Amino acid sequence: MEYVFRILRCDPMKDEHPYFQDFSYETEEKKSMLEALMDIRNEQDCTLAFRYSCREAICGSCGMVINGKFDLACRTMVDSLKSSVIVIEPLPNLEIQKDLAVDMEPFFEAVRRIEPYLFSEGKIPEKGHRIEDREMDKIFQYVNCILCGCCYSACPVVARDERCLGPAALAKLFRFVKDPRDKRPFSNWSRVNTETGLWGCDTVFKCNEVCPKDVRPADGIEALRRKLVVEKIKRIFRKER
Amino acid sequence: MLSQDILVVGGGLAGLAAALASDPQLKVAVISKVHPLRSHSVAAQGGINAALGNSPDGQDDTWEKHAFDTIKGSDYLADQDIAELMCEKAISTIYELEHLGVPFSRFPGGVIAQRPFGGAGFPRTCYAADRTGLVILHTLFEQSVRRKVKFFNEWLVTKLAVKDGKCLGVVVYDLATGDIFPIKARAVIFATGGYGRVYLRTTNAFINHGSGIGIAYRAGVPLKDMEFVQFHPTSLYDTNILITEGARGEGGYLVNNKGKRFMEDYAPSAMELAPRDIVARAIQTEIEKGNGFEDQYVHLDLRHLEEKKIKKRLPGIREICINFAGIDPIDAPIPIQPAQHYSMGGIDVNAQCASVVEGFYAAGECACMSIHGANRLGGNSLLDTVVFGKTAGEEASHAVKGGKGSKDAERFLLDEALEVKKKIEEWGKKDSGEKVHRLLNRLKVIMSEKVDMFRNKKDLSAALDEISELRGDYGRVLISGKCLRYSQELVNIIEFDSMLDLAEVITLGALNREETRGSHFREDFQDRNDKDWLKHTLVTLKDGKPHINFKEVNITKYEPKARKY
Ligand SMILES: Cc1cc2nc3c(=O)[nH]c(=O)nc-3n(C[C@H](O)[C@H](O)[C@H](O)COP(=O)(O)OP(=O)(O)OC[C@H]3O[C@@H](n4cnc5c(N)ncnc54)[C@H](O)[C@@H]3O)c2cc1C
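One structure accompanies this document, and this report is about it. None of these values were measured; they are calculated from a predicted model.

## So, helix H11 (residues 409-429) of chain B
Each α-helix winds once per 3.6 residues, and so residues spaced three or four apart point in a common direction. Residue and element names in this part refer to chain B. Look at H11: 30 Å from first C-alpha to last across 21 residues, which is about the 30 Å you get at 1.5 Å a residue. Ala409, Phe412, Leu413, Glu416, Ala417, Val420, Ile424 and Trp427 are the residues of H11 that are buried. The arc that holds every buried residue of H11, seen down its axis, measures 135 degrees, which confines them to one face. With respect to the buried face of H11, the exposed residues turned more than 90 degrees away are Arg411, Lys422, Glu425 and Lys429. Residues of H11 that are buried make contact with strand E7 (155-163), strand E8 (166-174), strand E9 (180-190), helix H13 (457-474) and helix H14 (488-512).

In structure tokens form, the structure reads like this:
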């Protein structure tokens, strides 16, 4: 098969605007988009920049927009696109560093803001914590997040207001709040009780749609909202008593 | 000049464990050529070993039995004192990881679940479904966020600066800016992982070029037991993405084209759960005997485990099969073939993770402390990275606090960086020459054809000649894309230098070792020979040439016996 790869190029050090460049690409084998990009880089233009590592959809390096769809290049098969012209763009909502490599720092900064670690208390229990598997099952969906940033860059709320935390960070916060071992004070996690946090979400579920790992971050956001409301009510009653 | 007390190179499990264990009063930074979460550790699937005795079938398990299995699995090449050290520390390490946030899967009653793995006497492998690497790496990363560990991401270390037997720092290439500069450090810890991409078929990430091991070798640090290369029995046919041993641990069968569970001919009592070297050779033998499919693969059949168990315990494997092979293991057997997976050998370090160069440490897959000997057991590498990453951080901290800095270090480091810069300029000036990806491909073909699972003198000698020819061609390598920012081409050119060294050392060790032990199988010497070869191979670069030495194996109480499974 013969394809045209229409790749958005940009070197911010010299280009004023990004532009599309066409590469022709021929392959008879079943190849992933990542392999195809590597072939194009190796054979046609070694300055073509993009990130990758594991090639098995677990490291989260190669999120991009392929024919309008957010996905990891490594798990997208070229022939599955059913199109001879393939348009490839970097993740939006993030600044281009070079070609398909974007600056992920704002995304990671959002993650850092939710205090993304277990608040475990006290000494390590001698034979470990006792937690039933069904408790672990409740967080496993969110534990599967690989922090690829697809949801963040697809989120219309983040696009509107870059101060927003975005889906991945909030879903991660829910993962911790829901963890029976986590003892973070309510005052800590309720800091997301803001318009740029929990209430920024428009519930258009773009994040659920684009997540390559089926994390469904919006489920976490909604659950966290419910939990926050319940906690607030509990607190009001406690005060009254 | 950027200056650190401790510089950790590598953001995988070993690197993060080292950074977290370093004294917080010291100036510590982690350098990694990719963001830490993109490190290959994230792909680990099956689990991490510790004799917790949580399984109903494993209540009699002890760390001593874990040590014995490790040593037997190593074909008695492990240093027994160090294997014991790791297995003893394993138990507290798991509870510590759990307390930091690792969401392990559970048994009824709420204790950490454990599954059977190859070469282990008891179900001993703790797991989080089949995404154990993901959850542990993310947890350690989360802890480094909490501790505000300093990261320099997308910096490639190109050189270790060693003067008069002392490590003074490193030279790096910063991908974002294209700059080359030195970093001064009082201690450097390498946690740079394995070199799987020296082979055509490997389960390793695309980025696993193993340059850290090569850089240490160039700086005069000996490499140990490099001829021991692990081939994993079950990688997905064609893409060679790993299908975890946990799939067999959960009860999966290996079946040939006659519908036979052929492991009964090779390891009648352990069957599919014999150690990896044995299972991998069995599969390859079946394929070569014509008992495979398309002469390329055999089947790993999980269908009898049924939907519920597959979805619960092996969701990642199912996802991989669907995404990358278009099959669902609930309905169809998985086509699998052996592929390079792990490096038992590496940078020679002692129980403190220290090398012969003062101030230079190594931990994780790039290091060889001689725990895994001639064959590593599944689930022991994650353990090794976390246990000894921590040791490296602690030991480097002690050393830095006790020692003093060197004068003249900066001058020396600047010269070292200048040398790297000059080389890059030369590569950049050329209009014609060799392209690095072609060289890389040639190297992979040599290693896969001649330094693979089955080895012999003729092939190994031919491989050495071809590697040296390739080195000649590398002299004509050029940078074809002239922009040095985010130049993966430049990364590859720099790392290829190391890959040539690694290929040479692996092959030389394999040629020299005239016996069969663990993963190292010589068609022309098919028996283990303890009389002459119960010893470690050490290869050191002297005057630009590899020199071979040997080191004794430390035996505590487990007398070498024939391995039977
Ligand atoms: C698919 C797969 C599954 C596995 N599953 C298991 C399992 O279930 N259980 C188990 O025990 N083991 C498993 N293993 C083995 C285990 O995962 C690895 O051995 C281990 O994770 C290696 O960790 P590490 O920290 O040493 O290296 P890595 O995680 O590979 O990290 C290396 C780091 O070094 C950096 N780096 C490398 N070179 C340079 C350089 N020159 N300059 C700057 N940075 C550099 C990289 O960016 C990276 O951050 C598996 C391996 C594979 C391939």
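Moving on, there is more to tell.
## With respect to unusual backbone geometry
In this model, Asn67 of chain A sits at a positive phi of 45 degrees, which is unusual for a non-glycine residue. Within the element layout of this structure, Asn67 of chain A appears in the loop between strand E3 (63-66) and strand E4 (69-72). Of the residues examined, Asn67 of chain A reaches a relative accessible area of 32% and is grouped as partly exposed. Not every positive phi belongs to a glycine, and Asn240 of chain B is a case in point at roughly 60 degrees. Within the secondary structure layout, Asn240 of chain B lies in the loop between strand E11 (229-236) and helix H6 (246-249). Residue Asn240 of chain B is classed as buried on the basis of its relative accessible area, which comes to 4%.

## Observations concerning the interface of chain A and chain B
Quoted interface sizes are often the accessible area lost when the parts come together. Tallying the contact residues gives 63 residues for chain A and 61 residues for chain B. Between chain A and chain B, a total of about 5,200 Å² is buried, with carbon and sulfur atoms accounting for 54% of that surface. Among the residues chain A hides against chain B, the three largest losses belong to Cys46, Arg55 and Glu56 of chain A. Together they make up 13% of the total. The interface formed by chain A and chain B contains 7 salt bridges. Where Asp137 of chain A meets Lys312 of chain B, a salt bridge forms, and the shortest distance between an N and an O atom there is 2.9 Å.

## So, the sheet that holds strand E14 (residues 334-343) of chain B
All names here are of chain B. Pairing in this open sheet of 4 strands is antiparallel, and the strands run E11-E14-E13-E12 from one edge to the other. The two strands at the open ends of the sheet, each matched to only one other strand, are E11 and strand E12 (253-255). Direction aside, neighbouring strands of the sheet carry axes that sit 45 degrees apart on average. One ladder, built from 6 bridges, connects E11 with E14; its direction is antiparallel. Residue pairing for E14: Leu236 is matched across the bridge by Ile336.

Cut-offs and rules
Residues numbered from 1 in each chain as written. Chains lettered and ligands numbered in written order. Predicted model: local features only at pLDDT ≥ 70, side-chain atom pairs only at ≥ 80, totals over all residues. Heavy atoms only, no water. Helix = DSSP H or I, 4+ residues; strand = E, 2+ residues; numbered from the N terminus. Expected span 1.5 Å × (residues − 1). Buried < 20%, exposed > 50% of the residue type's maximum accessible area, 1.4 Å probe, protein only. Arc of directions from axis to C-beta. Contact = heavy atoms within 4.5 Å. Buried area = accessible area lost by both parts, 1.4 Å probe. Salt bridge = Lys/Arg side-chain N within 4 Å of Asp/Glu carboxyl O. Pairing = 2+ DSSP bridges. Axes fitted to C-alpha atoms, helices over the stretch in contact; angles between N-to-C directions.

Keep in mind these numbers describe shape, not what the thing actually does.
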